[in-house]
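What follows is each chain in one-letter form.
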Amino acid sequence: MTVAVQLPTSTPVLPRGLWRWGRPLGMTALVLILGFLSLYPMAMLLYGSLHSAPPGVAGEFNLDGYIGLLTARNAQILLDTVLLSFVKTILAVALAILLAWIVARTDTPARGTLEILITLPFFIPPILTATAWAMLGNAQVGTINLAWRWLSGSDSTLVDVYSWGGVVWHMMQYSTPFMFLFIVDAFRAMDPALEESSRMSGASRWQTFWRITFGLMLPVTTSAFILSFIRGIESFESPVFFGTPAGITVITTEIYDAITQRAQPDYQSATALSFAALGLMFLLLLGQSRLLGGRSFATVTGKGYAPNVTRLGWMRWVTFGICVLFFLLTVALPVGQLILSSFFRFFGFYQADMLTFDHYRSVWGNETFWRAMGNTLLLGFLGATATMTLGGIVAYVTTRTKWRGRRLIDALAWLPWMMPGMVLGIGFLWGFATLPHGIPIYGTLLALLLAYVALGTPIAVRVTSAAYQQIATDIEECSRVHGANWWQTLGRILVALAWPAFAVGWVLIFFGIMRELSASILLYAPGTEVLSVVMLKMWVGGKPEEVSVIGLVMLVMVVVFRWVQLKVIKKRISTL
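Residues numbered from 1 in each chain as written. Predicted model: local features only at pLDDT ≥ 70, side-chain atom pairs only at ≥ 80, totals over all residues. Heavy atoms only, no water.

1. Quick word on the overall build of the chain
A tally of regular secondary structure across the chain gives 24 helices and zero strands. Counting the 576 residues in the chain, one finds 49% classified as buried. Here the analysis covers contacts within the chain between residues at least 6 apart in sequence; of these, 79% occur between residues at least 24 apart. Per element, the accessible surface of the chain, about 27000 Å² overall, is 67% carbon and sulfur. (Helix = DSSP H or I, 4+ residues; strand = E, 2+ residues; numbered from the N terminus. Buried < 20%, exposed > 50% of the residue type's maximum accessible area, 1.4 Å probe, protein only. Contact = heavy atoms within 4.5 Å. Areas by Shrake-Rupley, 256 points an atom, 1.4 Å probe, with all protein chains shown as cover.)

2. Brief notes about the side chain of His 359
Relative to the assigned elements, His 359 resides in helix H15 (residues 358-364). Among all residues touching His 359, those that are not within four sequence positions of it are Ser 341, Ser 342, Phe 344, Arg 345, Glu 545, Glu 546 and Val 549.

3. Remarks on helix H17 (residues 406-414)
Those residues of H17 that fall on the buried side of the exposure criterion are Ile 409, Leu 412 and Ala 413. One face of H17 carries all of its buried residues, which in axial projection span an arc of 100°. (Arc of directions from axis to C-beta.)

4. Description of helix H12 (residues 251-260)
The buried count for H12 comes to eight of 10 residues, which makes it a mostly enclosed element. Along H12, the residues classified as buried are Ile 251, Thr 252, Thr 253, Glu 254, Ile 255, Tyr 256, Ala 258 and Ile 259.

5. A word on the packing of aromatic side chains
Ring pairs (aromatic) are described by centroid distance and by the angle formed between their planes. As enumerated under the stated definition, the model contains 21 aromatic pairs in all. Ring geometry for Phe 36 versus Phe 428: centroids 6.4 Å apart, planes at 45°, classification tilted. Taken as a pair, Phe 36 in helix H1 (residues 16-50) and Phe 428 in helix H18 (residues 421-433) lie far apart in primary sequence, 392 residues in all. A centroid spacing of 5.6 Å and a plane angle of 90° characterise the contact between Phe 343 and Phe 357, whose relative ring orientation is edge-to-face. Note that Phe 343 is positioned in the loop between helix H14 (315-342) and H15 and Phe 357 in the loop between H14 and H15, a separation of 14 residues in sequence. What makes Phe 343 partly exposed here is its relative accessible area of 27%. One aromatic cluster is present, formed by Phe 36, Tyr 40, Phe 428 and Phe 432 through successive ring pairs. (Phe/Tyr/Trp six-rings, centres within 6.5 Å; stacked < 30°, edge-to-face > 60°.)

6. Describing the environment of Arg 404
Inspection of the secondary structure puts Arg 404 in the loop between helix H16 (367-400) and H17. Judged by its relative accessible area of 81%, Arg 404 falls in the exposed class. Measuring from C-alpha to C-alpha, the distance between Arg 404 and Met 27 comes to 9.1 Å, with 377 residues separating the pair along the chain.

7. Side note on the environment of Arg 462
Mapped onto the elements of the fold, Arg 462 is located in helix H19 (residues 445-469). Using a relative accessible area of 32% as the deciding quantity, one classes Arg 462 as partly exposed. When the C-alpha atoms of Arg 462 and Ala 413 are compared, they prove to be 9.8 Å apart, with 49 residues separating the residues in sequence. Excluding anything up to four places from it in sequence, Arg 462 contacts Asp 410 and Trp 414.

8. Points about the pattern of salt bridges
Scanning the model with the defined rule gives five salt bridges in all. Put simply, Glu 254 and Arg 73 hold a salt bridge, and the shortest N to O gap is 3.0 Å. Of this pair, Glu 254 sits in helix H12 while Arg 73 sits in helix H3 (residues 72-105), placing them 181 residues apart in sequence. With a relative accessible area of 47%, Arg 73 lands in the partly exposed category. Several salt bridges converge on common partners, so that one network encompasses Arg 345, Asp 358 and Arg 361. (Salt bridge = Lys/Arg side-chain N within 4 Å of Asp/Glu carboxyl O.)

9. Quick word on the side chain of Thr 271
Its location among the elements puts Thr 271 in helix H13 (residues 267-292). Apart from residues no more than four positions distant in its own chain, Thr 271 is found in contact with Leu 45, Gly 48, Ser 49, Ile 426 and Trp 430.

10. Focus: the packing of H16 against H17
It is at 9 Å that the axes of H16 and H17 come closest, and there the two elements cross at 140°. If you check the angle between H16 and H17, you find them oblique. Once H16 is placed against H17, the crossing between them reads as left-handed. Judged by residue contacts, Val 394, Val 397 and Thr 398 of H16 engage Arg 406, Ile 409, Asp 410 and Ala 413 from H17. Within the contact of H16 with H17, the residues separate by chemical class into four nonpolar, one polar and two charged. (Axes fitted to C-alpha atoms, helices over the stretch in contact; angles between N-to-C directions. Parallel < 35°, antiparallel > 145°, perpendicular 65-115°, else oblique. Left-handed = near helix turned anticlockwise from the far one by under 90°. Nonpolar A, V, L, I, M, F, W, Y, C, P; charged D, E, K, R; others polar.)

11. Considering the packing of helix H5 (residues 126-136) against helix H6 (residues 143-152)
At a closest axis distance of 5 Å, the pairing of H5 and H6 adopts a crossing angle of 25°. One element, H5, and the other, H6, form an angle in the roughly parallel class. Of H6, the residues touching H5 (which contributes Trp 133, Met 135 and Leu 136) are Thr 143, Ile 144 and Asn 145.

12. A short note on unusual backbone geometry
For Ala 110, which is not glycine, the phi torsion reads 55° and is therefore positive. With respect to the helices and strands, the residue Ala 110 is situated in the loop between H3 and helix H4 (111-123). Note on Ala 110: relative accessible area 44%, which makes it partly exposed.

13. Describing the confidence of the model for the chain
When the pLDDT values of the chain are averaged, the result is 81; 89% of them are 70 or greater. Confidence drops under pLDDT 50 across residues 1-13; counting only partners more than four residues distant or on other chains, this segment forms 18 contacts. Counted against residues more than four places away or in other chains, residues 296-302, with its pLDDT under 50, gives 11 contacts. (pLDDT = per-residue confidence, 0-100.)

14. Topic: a nonpolar patch on the surface
A contiguous nonpolar patch, built from Leu 83, Phe 86, Val 87, Ile 90, Leu 91 and Trp 164 and spanning about 500 Å² of accessible area, is present on the exposed surface. Looking at the nonpolar patch element by element, the count peaks at five residues for H3. Considering the arrangement of structural elements, one finds Trp 164 in helix H7 (residues 164-189). By relative accessible area, Trp 164 is classed as partly exposed at 35%. (Patch = residues over 30% accessible without salt bridge, like charges linked within 9 Å, V, L, I, M, F, W, Y side chains within 5 Å.)

As structure tokens, this is what we get:
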């Protein structure tokens, strides 16, 4: 017997009272929250760039900040920023494609383990490896140069990280696994029959790779290239550690210097430069949209195919060595340096009589360290939870409803994506300082929390949107047919099925907060320091050995959360 049940006309359906009043109120609240996190700092950037006095001080409005940008020095800074990011991205793309091809399309041994090892640098905070490589590649007392002189007997220098090459190399360590994550699955999804047809038509292996494999990968590689290029423009840790001592200045370090390193902070010039950087980001994202919009590169069709791999013969041990070498240079060597320097009185002097535990005792008794540890964990937990909650709501509105205004909400959630952390930080700096005294956000943990939520919202929205789009609306309708109300359907169907993606996004946001430095360095106040800020201050204060100890503590936290991501979440997903 078939029973006909009349379903509500719209999907999903809210309770009647909530439908009438809750939706407009909820949409208004969502627009206000997203506007505060994205439009407000952008508006305050414009305000600050035209205001002659520091935040909170009366001044006049003029164009001196923008006029001051029109100098040969600023043109050189812009050129150096673009050039560094471009060179880094080119090299990282080439290396990421090679590693992805090895893992996805060859018979290289232990490819599953190699994939985990290759992606590991992406989860390590950049400031950790920056301090490690500053001790490894120092021209005078760096471990690599000391070992080279001991082995060769010469007085020459093998590497010097305080150079253009050092900045590019350190930026590459994070760009390569970032693009590898983009590219490797595209390699797996490609129909190998296309390459086989090319070989049968007489093309060489190189011609097949260049014309077929690389050609079909063009959308993925282009998208990854532009995203990586944008992240290179906003990079802060690599230029401040390795570029500043060598006289290399980029946009982010210039903003940082203008506010924190001068006797009289120049807020107007720094804000005008930030607004110019924001315009550059907008043009890059616009270029990405025009380049890829409307183009089709189908690699997965309805025609069935069996994935296969290229047999490399003895060359598979060469490709295995390339992957292992990447892991050694980007993870094992920096971590080994942190461990080494943490046990010696001074880094660069590795004699037995210099062994000590004093750095561990010093860090253990350092009140600032423990306060920063507590702040980092608290902000990480609250920030990741709040960001994923907001991202889940935005994703629900934009993917599961036809509500008016959802496109505006989607656009507001995406705006922080084109705002580098340093630019967002200075926007919030102006915004919090000009709020009424009855809203004391400036100098509190809430200021950092809001900045972290703004920076993480685009990622949270995309992660949860993808999960929602995979869940058919029929399941929700079935729940409603069986008598469940809207809240029960939301909790037992949609949230229950999408929570693995929510958990993965939570871990990614938590990692992002742990490694964030560029916005934190502008918004922290005494008592609200986070670990990355404490590490930078101790490094500048000449305490690299204690920085190594803190770096090892952060590394343990990264390993624990990475293990949770790989084991617990993966196990839970497999049971769904």
